[in-house]
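If you want the building blocks of each chain, they are given just below.
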Amino acid sequence: MNPLLVIPALAIISVQPSPAPDPAREAATRISEALGNGATSAIDEADGLIIAVSIAGLTAEDTAFDRRAARTITELAFDLPKPDGWDGVLCLDERNFRRFTAPLLGGRDSVTRGNFFAVGGFYDRDSRRLVSNRLGPNLRHELVHVHHERLQRAQRIRHPAWVIEGLGTLAESVSLTDSGDIRVEPSYRINIAKRLVGAGQFGSITDFAGLTPASFVKARPLAAYARAFAVFLYLERHGQLRPFFGALADPVRGLSTDPTGLLALEQATEMDTATFDRALTGWLREQPFVPEEVRPGMASLGLEISNEPRGLIVTGFARGRRSIGLGSGDAITAIDGLPIRELPELILVLSRYEPRTEIELTRRPMSGRPDETVRVELIPAGR
């Protein structure tokens, strides 16, 4: 039996009509108690989410930015449907993650015995439960799936895999504007897409749109996700996301006529597929590569950092950096107000600054005290 099902409180997620907030809040408490490991819980009434977090050093409230970002990115494509029930969001420690996900993923070795981070998480639409082993890009991606699934239920139509995953990838890399708005940013996936174009292996949108959900995630998944991200970043940058999703629901050129979504793409972009292929690959060639490592001369914190489930943990200091206000074991949680959970995120954020820039860094002390902010001057990375 799926261990998720032996937590009775989870049954409230599938109850229709949606239970009132008080029973949902009580269920959230029971779920966190069943998870153990100091788990915390919360409910998000606006988004219809029951949230439980059992990752040491993190709380259910730490998911707030990821929930906001997922909502913002989804609204670039369509108006959020009113929640039609509660969806569960479980951010789990290693023991619970392996125990809960192995049955759903067929006992996959990467989950049961292998690298804990090999499978970051997933959203199971049948049970309406999102399971993740970290916060940040992966959680945002899966939260977009929650909103996207509600749209599909409301419209009673299934979107193809490249549309579902493409929209999710837009939430993986974000920034904050000066006014505090969330903006989509290129991620490492753009580098993969550019390399595919350079090698003549990007392929046509016609072939790509025909991938089944199974082939999308199993046959060269990094390439498939990179292609989806490239298409959706192109649509986002050209203001064509909402027209595209509107066209998907069109009774003449939408998914009821063409399940691949290509007719809708042609309507939204006012290009046939061959012209779109040329426009997309030409645009990709013009995009800069995204930094995937801190190279000499780039802005750096001057710290040794370990990527752990609870975040970016300080493990060492470059010469002269012990006095900047961080201690060994502290978790870096944000830079200039932008939450950061993973090393690739940190590298991307630092690449937007010049050395000698002063930033506001938020840390979570290892002692368990509340988060603190310190002013830190970035230094040039050494060789």
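Basis of the calculations
- Residues numbered from 1 in each chain as written.
- Predicted model: local features only at pLDDT ≥ 70, side-chain atom pairs only at ≥ 80, totals over all residues.
- Heavy atoms only, no water.
- Helix = DSSP H or I, 4+ residues; strand = E, 2+ residues; numbered from the N terminus.
- Buried < 20%, exposed > 50% of the residue type's maximum accessible area, 1.4 Å probe, protein only.
- Contact = heavy atoms within 4.5 Å.
- Areas by Shrake-Rupley, 256 points an atom, 1.4 Å probe, with all protein chains shown as cover.
- Pairing = 2+ DSSP bridges.
- Axes fitted to C-alpha atoms, helices over the stretch in contact; angles between N-to-C directions.
- Phe/Tyr/Trp six-rings, centres within 6.5 Å; stacked < 30°, edge-to-face > 60°.
- Lys NZ or Arg CZ within 6 Å of the ring centre and 35° of its normal.
- Polar contact = N/O pair within 3.5 Å; in protein donor to acceptor, adjacent residues only side chain to side chain.
- pLDDT = per-residue confidence, 0-100.
- Core = buried A, V, L, I, M, F, W, Y, C linked by side-chain atoms within 4.5 Å.
- 1 Å grid on protein atoms, 1.4 Å probe; cavity = no way out; pocket = protein on both sides within 12 Å on 5 of 7 lines; lining within 4 Å.
- Points joined across faces, edges and corners; volume = space filled by probe spheres on them.
- Salt bridge = Lys/Arg side-chain N within 4 Å of Asp/Glu carboxyl O.

(A) Representation of the overall build of the protein within the structure. In terms of helices and strands, the protein carries 14 helices and 15 strands. Taken over 383 residues, the protein has a buried fraction of 54%. Within the protein, contacts between residues at least 6 apart in sequence are counted, and of these 61% link residues at least 24 apart. Counting every atom, the protein has about 16700 Å² of accessible surface; 51% of that belongs to carbon and sulfur.

(B) Geometry of the sheet that holds strand E4 (residues 121–124). With mixed pairing, the five strands of this open sheet are ordered in space as E1-E2-E3-E5-E4. Where the open sheet ends on each side, the last strands, each with one partner, are strand E1 (40–44) and E4. In this sheet, neighbouring strand axes are inclined to one another by 10° on average, regardless of whether the strands run parallel or antiparallel. Pairing geometry for strand E2 (residues 49–53) and strand E3 (residues 87–91), over five bridges, is parallel. Paired with Val53 across the strands is Cys91, a residue of E3. Packed on one face of the sheet, helix H1 (residues 21–35) meets E1, E2 and E3 and runs near 155° to E1.

(C) Seen up close, the environment of Leu139. With respect to the secondary-structure elements, Leu139 resides in helix H5 (residues 137–155). In the structure, Leu139 is positioned 72 residues away from Arg67 in sequence and 8.5 Å away in space, judged by C-alpha atoms. If sequence neighbours within four positions are ignored, Leu139 has contacts with Thr63, Asp66, Val89, Cys91, Leu130, Ser132 and Arg134.

(D) Looking closely at the packing of aromatic side chains. Enumeration over the complete set of coordinates arrives at 11 aromatic pairs. Seen from their ring centres, Trp162 and Phe232 are 6.0 Å apart, and the 65° between their planes marks the pair as edge-to-face. Here Trp162, found in helix H6 (residues 161–169), pairs with Phe232, found in helix H10 (residues 221–237); they are 70 residues apart in sequence, far enough to count as distant. With a relative accessible area of 0%, Trp162 lands in the buried category. Taking the ring centre of Phe289 as reference, the NZ or CZ of Lys194 above it sits at 4.8 Å. The positively charged end of Arg227 is found above the aromatic ring belonging to Phe202, 6.0 Å away from the centroid.

(E) Representation of helix H3 (residues 94–101). Within H3 the residues assigned to the buried category are Asn96, Phe97, Arg98, Phe100 and Thr101. Its side-chain oxygen 3.3 Å from the backbone nitrogen of Arg95, Asp93 forms the N-cap of H3.

(F) Just the confidence of the model for the protein, in detail. For the protein, per-residue confidence averages 89 on the pLDDT scale, and residues scoring 70 or more make up 90% of the total. Residue range residues 1–6 is modelled with pLDDT below 50. Its contacts to residues more than four positions away, or to other chains, number 14 contacts.

(G) Quick look at the nonpolar core. Membership of the largest hydrophobic core comes to 93 residues, with the highest contact counts inside it found for Trp162, Phe232, Phe244, Phe245 and Leu301. The leading source of residues in this core is H10, at 12 residues. Sequence-distant contacts of Phe232, defined by excluding residues within four places in its chain, comprise Trp162, Val163, Gly166, Leu167, Leu170, Leu241, Phe244 and Phe245. Membership of the second largest hydrophobic core comes to 15 residues, among which are Ile31, Leu35, Phe97 and Val131.

(H) Focus on helix H14 (residues 343–350). Within H14, six of the eight residues are buried, leaving the element largely enclosed by the surrounding structure. Where H14 is buried, its residues meet H5, strand E8 (299–300), strand E9 (303–308), strand E10 (311–317), strand E11 (331–335) and strand E12 (338–339).

(I) Structural context of the layout of surface pockets. Approximately 180 Å³ is the volume found for the second largest pocket. The set of elements that each furnish at least two residues to the lining of the second largest pocket consists of helix H2 (64–75) and E11. In terms of residue count, H2 provides more of the lining of the second largest pocket than any other element does, three residues in total.

(J) Quick peek at the pattern of salt bridges. In total, this model carries 28 salt bridges according to the counting rule given. Of the charged contacts in the structure, one is a salt bridge between Glu372 and Arg369, with a shortest N-O distance of 3.2 Å. Of the residues examined, Arg369 reaches a relative accessible area of 42% and is grouped as partly exposed. Here the residues in one salt-bridge network are Asp84, Asp87, Arg128, Glu149, Arg150, Arg153 and Arg158, joined through shared partners.

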